[in-house]
Amino acid sequence: MILFPSSKEELGAQLREADVLIDEIDLSELNQLIDHTPDDMTATVEAGMKLSDFQDVICIGGQWLPVDPPNPEALSISELISTNASGPSRYGFGTIRDWLIGVRFFLSDGRSIFNGGRVVKNVAGFDLCKLIVGSKGALGVITEATFKLTPIAEENATLSSSCESLEEASGKIEAIWGTSMQPSALDLVREKGQLLIVLGFSGSKPDVVAQMKSAENIGNFIPAKLDYESRLRRRMNKTISVLPELLIPSLAKLGDVDFVSRAGNGIIYTEGEASPPVWNQVEKRVKAQFDPKGILTPL
């Protein structure tokens, strides 16, 4: 069953009438910017808007939502939240969970739920924003989101350094951690046998220039791009999460395969069979409360 709502009201009605598992919900008609208040650094948007379009609209006010998952032109706000999508800037800016302050979603019985608010200082109630992030559509259909934003940086720069081995890469990463640098991105990538450390910097121009010089002192960092994200991540369906200090041993166990890893966070993306999630009894009870009809994405 596929739903194509043209409004939130229509979505609620379609959910109330549905009595079988829903395969897809197309939210492309719910694609409007509801509010952008630059002075408060917040914006509210319908969840069918693509992330790239949202960034284009709010950048007029000199602001952006600091997440950079691959292929933002194909990623809706709903998908961004429900999959907890992120990119290299996860190291410096966190994930969408850190920037979502309000969310509207529909339960499978058609009820509309709003949690949080449209200002940064929210106070009351359960934080359902945190619960809905990464839920992959199992708990509800996201239709609206409010984010806190951040000013667009005066300067951005990306550097990379080639490594002959994981041991060399480990040494350079340790050296980076031993400095006062505060990179916005710290990745370790292998593509077609080439191993690269990738550093991103974001901030005022003097600060970025100073940090770039610190990186050059560690050795052989040259200007680079983050284009490996869109090139590699789209074919990597396996995600491994480890402590940052266990990153290098975990990568060594993979063998000679391509990967993209968040060296500062311990997240590894690679090809392979993804492990099925294991749901505990609490999660199953939450699912039953939010999806009483059992028609949304199954656990």
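See above for the structure.
Since this is a predicted model, take the numbers as computed values, not measurements.

### Here we look at the pairing of strand β8 (residues 141-148)
Extensive coverage of β8 is indicated by the burial of 7 of its 8 residues. Of the strand pairs in this sheet, strand β4 (residues 42-46) and β8 are connected by 5 bridges, and their pairing is antiparallel. Residue pairing across strands places E46 opposite E144, the latter belonging to β8. Judged from the 6 bridges that link them, strand β6 (residues 100-106) and β8 form a sheet pairing that is antiparallel. Within the sheet, the bridge partner assigned to F106 lies in β8 and is V141.

### Remarks on the layout of surface pockets
The space that makes up the largest pocket amounts to roughly 720 Å³. In this structure, the largest pocket is lined by 21 residues; those nearest its centre are T83, N84, R233, T239 and Y269. At the level of elements, β14 (238-241) and β16 (267-270) are the ones that each hand at least two residues to the lining of the largest pocket. Classifying every residue of the lining of the largest pocket by side-chain character gives 8 nonpolar, 8 polar and 5 charged. Looking at the second largest pocket, its volume works out to about 490 Å³. Lining the second largest pocket are 22 residues, with E24, I25, L27, S78 and E79 positioned closest to its centre. Mapped onto the lining of the second largest pocket, the elements with two or more residues apiece are β2 (24-25), α3 (77-82) and β8. Examining the composition of the lining of the second largest pocket, we find that 3 residues originate from one element, α3, more than from any other. Each residue belonging to the lining of the second largest pocket can be placed in one class, and the counts come to 7 nonpolar, 9 polar and 6 charged.

### Topic: the sheet that holds strand β11 (residues 185-191)
Pairing in this open sheet of 7 strands is antiparallel, and the strands run β13-β10-β12-β11-β15-β16-β14 from one edge to the other. Two strands lie at the open edges of the sheet, namely β13 (222-223) and β14, each paired on one side alone. Sheet topology note: the strand β10 (residues 155-163)/strand β12 (residues 194-203) ladder contains 9 bridges and is antiparallel. Counted as the bridge partner of L159 is L199 from β12. Of the strands in this sheet, β10, β11, β12 and β15 (259-262) are in contact with helix α6 (residues 166-177), which crosses β12 at around 15 degrees. Here helix α7 (residues 205-218) sits on the sheet in contact with β10 and β12, set at roughly 155 degrees to β12.

### Some thoughts on the pairing of β12
Within β12, 7 of the 10 residues are buried, which leaves it mostly tucked inside the rest of the structure. Relative to β12, β11 runs antiparallel, the two being bridged by 7 bridges. Following the sheet pairing, A185 is matched in β12 by G200. The loop that links β11 with its antiparallel partner β12 comprises 2 residues; one of these, K192, has a positive phi angle of about 55 degrees.

### Some words on helix α2 (residues 51-58)
Buried residues of α2: L51, S52, F54, Q55 and I58, and no others. One side of α2 carries all its buried residues, which in axial view fall inside an arc of 160 degrees.

### Points about the packing of aromatic side chains
In total, this model carries 3 aromatic pairs according to the counting rule given. On the basis of an interplanar angle of 50 degrees and a centroid distance of 5.8 Å, the ring pair of F54 and F147 is categorised as tilted. In this pair, F54 is assigned in helix α2 and F147 in strand β8, connecting sequence segments 93 residues apart. For the pair F54 and F147, one class covers both residues: buried. In this structure, K148 is placed above the aromatic ring of W99, and the distance from its NZ or CZ to the ring centre is 5.5 Å. A cation over a ring is seen here: R233 above Y269, with NZ or CZ 3.8 Å from the ring centre.

Rules of the game
Residues numbered from 1 in each chain as written. Predicted model: local features only at pLDDT ≥ 70, side-chain atom pairs only at ≥ 80, totals over all residues. Heavy atoms only, no water. Buried < 20%, exposed > 50% of the residue type's maximum accessible area, 1.4 Å probe, protein only. Helix = DSSP H or I, 4+ residues; strand = E, 2+ residues; numbered from the N terminus. Pairing = 2+ DSSP bridges. 1 Å grid on protein atoms, 1.4 Å probe; cavity = no way out; pocket = protein on both sides within 12 Å on 5 of 7 lines; lining within 4 Å. Points joined across faces, edges and corners; volume = space filled by probe spheres on them. Nonpolar A, V, L, I, M, F, W, Y, C, P; charged D, E, K, R; others polar. Contact = heavy atoms within 4.5 Å. Axes fitted to C-alpha atoms, helices over the stretch in contact; angles between N-to-C directions. Arc of directions from axis to C-beta. Phe/Tyr/Trp six-rings, centres within 6.5 Å; stacked < 30°, edge-to-face > 60°. Lys NZ or Arg CZ within 6 Å of the ring centre and 35° of its normal.

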